[in-house]
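# Descriptive structure summary
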Amino acid sequence: MDIAYIIAEERIRQAIKDGDFDKLPGEGKPLKLEDLSHMPEELRQAYRILKNANMITDEQELKRDMATIEDLISICTDANEEQRLTEMLTEKRLRFEQLVGKKKMTSSAAYRTYQNKIYSKFFY
């Protein structure tokens, strides 16, 4: 075994014994796992780091999700699956519009100037 592994395991055992892991935030609650199966494996860790550092906004994430769903709809051959994907896309669009409205992004002159370009890029 690797010496670093042995040292790490020993320190973890000692921390458990000392109670260092007791009463941590989120104790007893389920973990919030993200489904990153749509993302290439080599980019997943970088995405997590950026997301945890608040470098990726909810709007950006929703835009990415909408683009992915639109791609899936374009290649879908099953009518039921296409209907399900269309409903998901509608839900994402509504959520996106809520976030944009909440941040009052629609009141800026720059947003109004490029609104048609934004909608054509992400919604059509």
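The structure displayed is predicted, hence computed values, not measured ones.

Okay, the overall build of the protein next. Of regular secondary structure, the protein possesses five helices and zero strands. Traced from its N-terminal end to its C-terminal end, the protein shows the element sequence α-α-α-α-α. Taken across its 124 residues, the protein has 18% of its residues classed as buried. A total accessible area of about 10,200 Å² is found for the protein, and carbon and sulfur atoms account for 55% of it.

If you trace the backbone, Asp65 turns up in helix α3 (residues 58–75). One polar contact links Asp65 to Arg64, side chain to side chain, over a distance of 3.0 Å.

Of all hydrophobic cores here, the largest spans ten residues; its members are Leu62, Met66, Ile69, Ile73, Cys76, Leu85, Leu89, Phe96, Leu99 and Val100. Elements that contribute at least two residues to this core include exactly α3 and α4 (79–102). The greatest single-element share of this core, amounting to five residues, is contributed by α4.

Take the pattern of salt bridges next. It is possible for side chains of opposite charge to pair when their charged atoms get near one another. In this structure the tally under the stated criterion is six salt bridges. We note a salt bridge from Asp65 to Arg64, for which the minimum N-O separation is 3.0 Å. By relative accessible area, which is 24% here, Arg64 ends up partly exposed. In this structure, Glu81 engages Arg84 in a salt bridge whose closest nitrogen and oxygen atoms are separated by 2.6 Å. With Glu81 and Arg84 both in helix α4 and three residues apart, this pair spans about one turn of that helix. Three or more residues joined by partner-sharing salt bridges are found here, namely Glu9, Glu10 and Arg13.

On to the environment of Glu81. Residue classification places Glu81 among the partly exposed positions, given a relative accessible area of 29%. Within the structure, the side chain of Glu81 is placed 2.6 Å from the side chain of Arg84, a separation counted as a polar contact.

Here we take up helix α2 (residues 41–52). The end-to-end C-alpha distance of α2, which contains twelve residues, comes to 18 Å, matching closely the 16 Å that a straight helix rising 1.5 Å per residue would cover. Two residues or fewer past α2, Asn54 is found with a positive phi of approximately 60 degrees.

The next subject is a nonpolar patch on the surface. On the surface, a nonpolar cluster with roughly 390 Å² of combined accessible area is contributed by Ile3, Tyr5, Ile6 and Ile7. Looking at where Tyr5 falls in the secondary structure, it is placed in helix α1 (residues 3–18).

Note on placement: Gln60 falls in helix α3. Each C-alpha atom of the pair Gln60 and Phe96 lies 9.2 Å from the other, and the pair is 36 residues apart in sequence.

To continue, consider unusual backbone geometry. Not every positive phi belongs to a glycine, and Lys23 is a case in point at roughly 55 degrees. Within the secondary structure, Lys23 sits in the loop between α1 and α2. The exposure class of Lys23 is exposed, given its relative accessible area of 74%.

Thresholds, definitions, all that
Residues numbered from 1 in each chain as written. Predicted model: local features only at pLDDT ≥ 70, side-chain atom pairs only at ≥ 80, totals over all residues. Heavy atoms only, no water. Helix = DSSP H or I, 4+ residues; strand = E, 2+ residues; numbered from the N terminus. Buried < 20%, exposed > 50% of the residue type's maximum accessible area, 1.4 Å probe, protein only. Areas by Shrake-Rupley, 256 points an atom, 1.4 Å probe, with all protein chains shown as cover. Polar contact = N/O pair within 3.5 Å; in protein donor to acceptor, adjacent residues only side chain to side chain. Core = buried A, V, L, I, M, F, W, Y, C linked by side-chain atoms within 4.5 Å. Salt bridge = Lys/Arg side-chain N within 4 Å of Asp/Glu carboxyl O. Expected span 1.5 Å × (residues − 1). Patch = residues over 30% accessible without salt bridge, like charges linked within 9 Å, V, L, I, M, F, W, Y side chains within 5 Å.

Function cannot be read off these values alone, since they describe shape.
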